[in-house]
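Now for the letters of each chain:
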Amino acid sequence: MAIEVRPATAFEDVATMVGPKRPEATVCWCLSYRIPSKLNVSLRGAERGELVRQLVAQDPPPGVLAYDGGEVVGWAAVHPRADTSFARNRRIPQVDGQDAWSVWCLRVRPGHRGQGISHTLLAGAVEFARSYGAPAIEGYPVDNRGRKVDLTMAYVGTRKLFEDAGFTKAADTGSILNGYPRVLMRLEL
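Note that this is a predicted model, so its numbers are computed, not measured.

The rules behind the values
- Residues numbered from 1 in each chain as written.
- Predicted model: local features only at pLDDT ≥ 70, side-chain atom pairs only at ≥ 80, totals over all residues.
- Heavy atoms only, no water.
- Helix = DSSP H or I, 4+ residues; strand = E, 2+ residues; numbered from the N terminus.
- Buried < 20%, exposed > 50% of the residue type's maximum accessible area, 1.4 Å probe, protein only.
- Contact = heavy atoms within 4.5 Å.
- 1 Å grid on protein atoms, 1.4 Å probe; cavity = no way out; pocket = protein on both sides within 12 Å on 5 of 7 lines; lining within 4 Å.
- Points joined across faces, edges and corners; volume = space filled by probe spheres on them.
- Nonpolar A, V, L, I, M, F, W, Y, C, P; charged D, E, K, R; others polar.
- Salt bridge = Lys/Arg side-chain N within 4 Å of Asp/Glu carboxyl O.
- Core = buried A, V, L, I, M, F, W, Y, C linked by side-chain atoms within 4.5 Å.

**Focus: the environment of Leu151**
Then comes step 1: Relative to the assigned elements, Leu151 resides in the loop between β5 (136-139) and α5 (159-164).
Then comes step 2: What makes Leu151 exposed here is its relative accessible area of 57%.
Then comes step 3: When the C-alpha positions of Leu151 and Arg107 are compared, they lie 9.7 Å apart, and in sequence the two are 44 residues distant.

**Overview of the side chain of Asn40**
Then comes step 1: By the element assignment, Asn40 lies in helix α2 (residues 37-42).
Then comes step 2: Not counting residues within four places of it along the chain, the set of residues in contact with Asn40 comprises Leu31, Ser32, Ile35 and Arg48.

**Thoughts on the environment of Arg113**
Then comes step 1: Within the secondary structure, Arg113 is located in the loop between β4 (101-108) and α4 (117-131).
Then comes step 2: Counting along the chain gives 32 residues from Arg113 to Arg81, while the straight-line C-alpha distance between them is 28 Å.

**Here's the deal with empty space enclosed by the protein**
Then comes step 1: A full pass over the atoms with the stated rule returns one cavity of 30 Å³ or more.
Then comes step 2: Each pocket or cavity is described by its volume, and for the largest cavity that value is around 70 Å³.
Then comes step 3: For the largest cavity, the full set of lining residues is Val14, Trp29, Cys30, Leu31, Arg34, Val52, Leu55, Pro62, Trp75, Ala77 and Trp104.
Then comes step 4: Elements represented by at least two residues in the lining of the largest cavity include exactly α3 (46-56) and β3 (71-80).
Then comes step 5: A class-by-class count of the residues in the lining of the largest cavity yields 10 nonpolar, no polar and one charged.

**Description of the pattern of salt bridges**
For side chains of opposite charge, pairing can occur when their charged atoms come near one another.
Then comes step 1: Inspection of every chain in the model, using the stated rule, returns 13 salt bridges.
Then comes step 2: With its nearest N and O atoms 3.5 Å apart, the salt bridge here joins Arg109 to Glu71. With Arg109 in the loop between β4 and α4 and Glu71 in strand β3, this residue pair connects regions lying 38 residues apart in the sequence.
Then comes step 3: Relative accessible area serves as the criterion here: at 26%, Arg109 is assigned to the partly exposed category.
Then comes step 4: The partner of Glu163 in a salt bridge is Arg159, and the shortest N-O contact between them spans 2.9 Å.

**Concerning the layout of surface pockets**
Then comes step 1: What the largest pocket holds in volume is close to 1,100 Å³.
Then comes step 2: Secondary structure elements with two or more residues in the lining of the largest pocket: α1 (11-18), β4, α4 and α5.
Then comes step 3: Sorting elements by how many residues they give to the lining of the largest pocket places β4 first, with five residues.
Then comes step 4: Residues belonging to the lining of the largest pocket are distributed by class as follows: 20 nonpolar, 14 polar and eight charged.
Then comes step 5: As a volume, the second largest pocket reaches approximately 180 Å³.
Then comes step 6: The wall of the second largest pocket is formed by Ser32, Ile35, Pro36, Ser37, Asn40, Val41, Ser85, Arg88 and Asn89.
Then comes step 7: Among the residues making up the lining of the second largest pocket, the classes are represented as three nonpolar, five polar and one charged.

**Describing the nonpolar core**
Then comes step 1: Val14, Leu31, Leu65 and Trp75 are the most contacted members of the largest nonpolar core, which totals 27 residues.
Then comes step 2: Secondary-structure elements contributing two or more residues to this core are α1, α3, β2 (63-68), β3 and β4.

**Section: unusual backbone geometry**
Then comes step 1: In the segment running from Asp59 into Pro60, the intervening peptide bond is cis, with an omega of 5°.
Then comes step 2: For Cys30, which is not glycine, the phi dihedral falls at a positive 60°.
Then comes step 3: Here Cys30 shows up in the loop between α1 and α2.
Then comes step 4: In this structure, Arg145 takes a positive phi of about 50° despite not being glycine.
Then comes step 5: Relative to the assigned elements, Arg145 resides in the loop between β5 and α5.
Then comes step 6: Residue classification places Arg145 among the exposed positions, given a relative accessible area of 59%.

By themselves these figures say nothing about function.
Below, the structure written as structure tokens:
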């Protein structure tokens, strides 16, 4: 299997990975950390997808997509931390004054999980941030100590996934997800 990671510039593929089955449904669209909280709460149904369509057209786009041949199989949200809610999040500390990027969501489509695609996605997110001159990249995964993480909460990744990609723990956070503490993992670029 040769998985290729590319910038998320194809709206239909982003919609396949993070959009709802019904266009009028109000689901995440991977916006909860990307836009201000008030805007996130106010957007309903198709408005969410329209905002994502606009973000996909921007430079840089809102993340990267993994492809197996021509089929989209994965998504990673990655963007400058300053453009996310992590810039103001009281539970996720700022490590220093660098213009670090954040990677906060990793999704692999059912039927493709367990094949290492998350590792490839994270590596692609790192390369994407590097290509835009990011001095560092951060993630905020759960420190599950090898225990099983509920799939609906696994989108933040695990500490081991980030360690396997060369990240090191830079700080504890005040955030807990699915009963597990989240840690700030960082990779200097």
